[in-house]
Amino acid sequence: MVALMAITSVFAQETLTIDAAKKGAAISPDMYGIFFEDINFGADGGLYAELIKNRSFEFTYPFTGWVPFGKVELLNENAPFPNNPNYIRLNPAPHHAKFTGIENEGYRGIGLKKGADYRFSVWARSVDGKEQRIYVDLVDSRNDIIVRDTITIAGTEWKKYQSIIESNVTDSHAKVRIFLNSRGSVDMDHISLFPTDTWKGRENGMRKDLAQALYDLQPKVFRFPGGCIVEGTDLATRYAWKNSVGPVENRKLNENRWHYTFDYRLYPDYFQSYGLGFFEFFQLCEDFGAEPLPVISCGLACQFQNWHEGAHAPIDNLDEYIQDAIDLIEFANGATDTKWGKLRAEMGHPAPFNLKYLAVGNEQWDDLYVERLEAFVKVLREKHPEIQIIGGAGPYASGDMLKHLWPEMKRLKVDLVDEHYYMAPTWFWNNAGRYDDYDREGPKVFAGEYAAHHPNRGNNFEAALSEAAFMTGLERNADIVRLATYAPLFAHVDGWQWRPDLIWFDNLRVVRSINYYVQQLYSHNSGTHVLSTTSNGKVLKGENRQYATACYDANTNEVIVKIVNGTEQPTNYTLDIKLPKKSKIAGEATLTTLHADDMLIENTLDNPHNVVPHKTTVAIANGQTVQIPAMTFSIYRIALK
Ligand code: AHR
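Conventions used here
- Residues numbered from 1 in each chain as written.
- Predicted model: local features only at pLDDT ≥ 70, side-chain atom pairs only at ≥ 80, totals over all residues.
- Heavy atoms only, no water.
- Helix = DSSP H or I, 4+ residues; strand = E, 2+ residues; numbered from the N terminus.
- Rg over C-alpha atoms; globule rule 2.2 N^0.38 Å.
- Buried < 20%, exposed > 50% of the residue type's maximum accessible area, 1.4 Å probe, protein only.
- Contact = heavy atoms within 4.5 Å.
- Areas by Shrake-Rupley, 256 points an atom, 1.4 Å probe, with all protein chains shown as cover.
- Lys, Arg positive; Asp, Glu negative; His and termini not counted.
- Charge placed at Lys NZ, Arg CZ, Asp CG, Glu CD.
- Pairing = 2+ DSSP bridges.
- Axes fitted to C-alpha atoms, helices over the stretch in contact; angles between N-to-C directions.
- Near = heavy atom within 4 Å.
- Polar contact = N/O pair within 3.5 Å; in protein donor to acceptor, adjacent residues only side chain to side chain.
- Nonpolar A, V, L, I, M, F, W, Y, C, P; charged D, E, K, R; others polar.
- Domains from an automatic or database assignment.
- Buried area = accessible area lost by both parts, 1.4 Å probe.
- Salt bridge = Lys/Arg side-chain N within 4 Å of Asp/Glu carboxyl O.

1. Some remarks on the overall build of the protein
And step 1. Counting its secondary structure elements, the protein contains 10 helices and 33 strands.
And step 2. Taking 26 Å as the expected radius of gyration for a compact globule of 641 residues, we find that the protein reaches 27 Å, a close match to that expectation.
And step 3. Judged by the C-alpha coordinates and their principal axes, the protein covers about 90 × 55 × 45 Å.
And step 4. Burial status across the protein gives 62% buried among its 641 residues.
And step 5. The contacts in the protein between residues at least 6 apart in sequence include a share of 78% that link residues at least 24 apart.
And step 6. Total accessible area on the protein is roughly 24300 Å²; 49% of this is exposed by carbon and sulfur atoms.
And step 7. A gap of 4 Å separates the mean positions of the 65 positive and 81 negative side-chain charges of the protein.

Here is the structure:
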């Protein structure tokens, strides 16, 4: 099936003039990145590899995710981890043929792989101090035992017990059952199961396939941890970064606002364990070679959900929030003899994380935001002039909020302004020129959240191709657009609240959307300097659905040309590349294309390679005519010598 929205080209043959003799604006080395938020079970149940849901019994209903049987008690006195006080006691069943135990369902099932090892761990003590045995069973989706392990608990002190258990089956919906095989009682807390094969083999690690998908994007900037979860539905449940660091057992559980943001997609079992916390975020940034870009609360709870000023921190009572920002900088960059730098070192990273960006607030608006941001800016500029401050332009691509906020951001002299736009593909097709006329005297732009929302909300080819078209405008305006991150990043196929999303997964598999490949192609082909690119003196920014941009890569001495043809007809361009003195075209180029005949096609878990980039080597010369196929994103990397 072809092209719902595609149009027929009236374009026959044009000249594409690229001025490589004169380097334009420097492209930010941090330009293309990722934005992570724990939405759609992106962290707990997703990237964070923990397989047990509600491991510390702290959900609002402490047995959520668990099925207790026999004589199980919930206790909280003399708990081993004060921030997560609940724990359970397994008491012997009243009859020798009965059992006491507890079963965990995982995050919509537990994904196990044949031949893979899993690290089971539990904090436990024997109530009378004598040796007690527990069985740990991995149980498949038909309720057959995959493997049984026995752990002996002894002594009245809380201790961590662990064992490595190998699964001999693959099952995406397994469960874990733990039961008492003894005459005495056992207390248990923080019951955990991780694959041993996590990203970089870390114990409190990330799911390897999902982290690999991020790594393969080569993101240069990493915005975290949200999004709306930074704000919270109320201030009490905002993302408080200090709760996300330190020993993982003692990180205070928070609800996840996405469990009830949309009443047509409620997820009452959605909480934030903070197992993936700020230390792990910074660590991932380092793994990926991406600049960390944390977002902190500015003292405003979600403005969509809170219309009364009383819901927010009063303007004269922002100290705690501003201190959070200052302490975060210390956590990331401070010396190891400072309070927060010391914690970073204790967590295993004495060297600084070299934080240079900090966003204050997510989607905020009105003077409520401006006056709070102003208070942050004042203190941050004084104490940390080295930090680039990111303010916001509200939740929409245009309108009163954006119009009000931009001049205010200029007045406050923030370094960058975070813009968000979730719009139809038509908007993306029509807005490749969005930044051409932006004020060059004010703050720079961070396109912090954007995605083309097709009416069917799919990650389909049209959405992806329209994003590729729009992004030619980001590159062309790289003097002002310094950072860009698609949103959201992850979604569990059985647990999403929002779509489209860049990467989809289930308990065992992952699929990179077509939109993912657009992001990847920009990231891998970002170049260092913009080059003027015109056809008959005009910029190609959407007329006849033609889009083009070019840049020079000083690292590789290549001219990189990106062309999007959004029509049903091929287009021909005669290349006219003005070269620097003493430079020549080497004669070869790599050509990467992303194409589909069907605008509605998507990559799926079952068919993950429906639309993927294709790379070839082609001969190239000045004056040559290149054909850009219909409905295709093409990238030429033309080597110079
Ligand atoms: O990306 C999903 C949500 O969209 C983000 O949490 C929020 O910032 C925006 O409204």
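2. Section: the sheet that holds strand E2 (residues 32-35)
And step 1. Pairing is parallel around the closed barrel formed by 8 strands, whose spatial order is E2-E14-E17-E18-E19-E20-E21-E22. Between one strand axis and the next, the sheet turns by 25 degrees as a mean value, whatever way the strands run.
And step 2. Looking at chain direction, strand E19 (residues 388-392) and strand E20 (residues 416-423) are connected through 3 bridges and run parallel. Looking at E20, one finds that Gly 391 is bridged to Val 417.
And step 3. Sheet contacts for helix H3 (residues 278-288): E2, strand E14 (221-224) and strand E17 (291-296); angle to E14, the most-contacted strand, approximately 165 degrees.
And step 4. Contacts from helix H9 (residues 461-476) reach E2, E20, strand E21 (444-452) and strand E22 (481-486), with the element oriented near 170 degrees to E21.

3. Notes on the environment of Leu 266
And step 1. Inspection of the secondary structure assignment puts Leu 266 in the loop between strand E15 (254-255) and strand E16 (271-272).
And step 2. Taking the C-alpha atoms as reference points, Leu 266 and Ala 25, 241 residues apart in sequence, are found 46 Å from one another.
And step 3. Non-local contacts of Leu 266, meaning those with residues more than four positions away in its chain, are made with His 259 and Tyr 260.

4. So, the site of the ligand
And step 1. Residues in close proximity to the ligand include Glu 37, Gly 227, Cys 228, Trp 258, Asn 362, Glu 363, His 420, Tyr 422, Glu 449, Pro 488 and Trp 498, which together make up its full environment.
And step 2. In this structure, an oxygen atom belonging to the ligand sits 2.7 Å away from a side-chain N or O atom of Glu 363.
And step 3. In the environment of the ligand, an oxygen atom lies 2.8 Å from a nitrogen or oxygen atom belonging to the side chain of Glu 449.
And step 4. Within the complex, 96% of the 280 Å² of free accessible area of the ligand lies under protein.
And step 5. Of the residues belonging to the shell around the ligand, the class tally is 5 nonpolar, 3 polar and 3 charged.

5. Digging into the pairing of strand E9 (residues 132-139)
And step 1. With respect to burial, E9 is a largely interior element, 7 of its 8 residues being buried.
And step 2. Sheet topology places E9 next to strand E10 (residues 145-153); 8 bridges connect them, and they run antiparallel. Bridge pairing in E10 places Val 136 opposite Asp 149.
And step 3. Between E9 and E10, which pair antiparallel and follow one another directly, the connecting turn spans 5 residues, one of which, Asn 143, has a positive phi of 75 degrees.
And step 4. Two elements, E9 and strand E12 (residues 171-180), share 6 bridges in a ladder whose sense is antiparallel. By the bridge assignment for E12, Tyr 135 is matched with Phe 179.

6. A short note on the domain arrangement of the protein
And step 1. Taken domain by domain, the protein comprises domain 1 (2-27 + 529-640), domain 2 (32-49 + 199-330 + 359-378 + 388-432 + 443-486) and domain 3 (66-195).
And step 2. Each of domain 2 and domain 3 was reduced to a C-alpha centroid, and the two centroids are 36 Å apart.
And step 3. Contacts between domain 2 and domain 3 engage 16 residues on the former and 14 residues on the latter.
And step 4. Roughly 1300 Å² of surface becomes buried between domain 2 and domain 3 when both sides are summed, with 48% attributable to carbon and sulfur atoms.
And step 5. Summed over the three residues of domain 2 that lose the most area to domain 3, namely Glu 203, Glu 249 and Asn 250, the buried surface amounts to 49% of that side.
And step 6. The partner of Asp 269 in a salt bridge is Arg 108, with the nearest N and O atoms 3.1 Å apart.
And step 7. For the pair domain 2 and domain 3, the number of links is 6 residue pairs in polar contact (both at pLDDT 80 or more).
And step 8. Its residues assigned to classes, the side of domain 2 that touches domain 3 shows 6 nonpolar, 4 polar and 6 charged.

7. Overview of the side chain of Arg 89
And step 1. With respect to the element layout, Arg 89 can be found in strand E5 (residues 87-91).
And step 2. At 2.6 Å, the side chain of Arg 89 forms a polar contact with the side chain of Asp 187.
And step 3. Dropping the residues within four chain positions of it, Arg 89 is found in contact with Lys 71, Val 72, Glu 73, Leu 75, Arg 125, Val 127, Ser 185, Val 186 and Asp 187.

8. Details of the environment of Gln 305
And step 1. Looking at where Gln 305 falls in the secondary structure, it is placed in the loop between E17 and helix H4 (319-333).
And step 2. A residue is classified by how much of its surface remains accessible, and Gln 305, at 24% relative accessible area, is partly exposed.
And step 3. Linking Gln 305 and Thr 261, residues 44 residues apart in sequence, is a C-alpha distance of 9.3 Å.
And step 4. Setting aside anything within four residues of it in sequence, one finds Gln 305 in contact with Thr 233 and Arg 257.
And step 5. Within the structure, Gln 305 has its side chain in polar contact with the side chain of Arg 257 (distance 3.1 Å).

9. Examining the sheet that holds strand E23 (residues 490-492)
And step 1. The mixed open sheet is built from 3 strands, whose spatial order is E23-E24-E25. Every interior strand has two partners, whereas the edge strands, E23 and strand E25 (510-512), have only one. The mean angle between the axes of side-by-side strands here comes to 20 degrees, regardless of whether they run parallel or antiparallel.
And step 2. Here E23 runs beside strand E24 (residues 503-505); their pairing, made up of 3 bridges, is parallel. Looking at the pairing, His 492 lines up with Phe 505 of E24.
And step 3. Taken strand by strand, helix H1 (residues 208-215) contacts E23, E24 and E25, and its axis lies near 15 degrees from that of E25.

10. Regarding the pattern of salt bridges
And step 1. Under the definition given, this model contains 41 salt bridges.
And step 2. The salt bridge partner of Arg 142 is Asp 144, with a shortest N-O separation of 3.7 Å.
And step 3. Given a relative accessible area of 63%, Arg 142 falls into the exposed group.
And step 4. Taken together, the shared-partner salt bridges connect Lys 53, Glu 105, Arg 108 and Asp 269 into one network.

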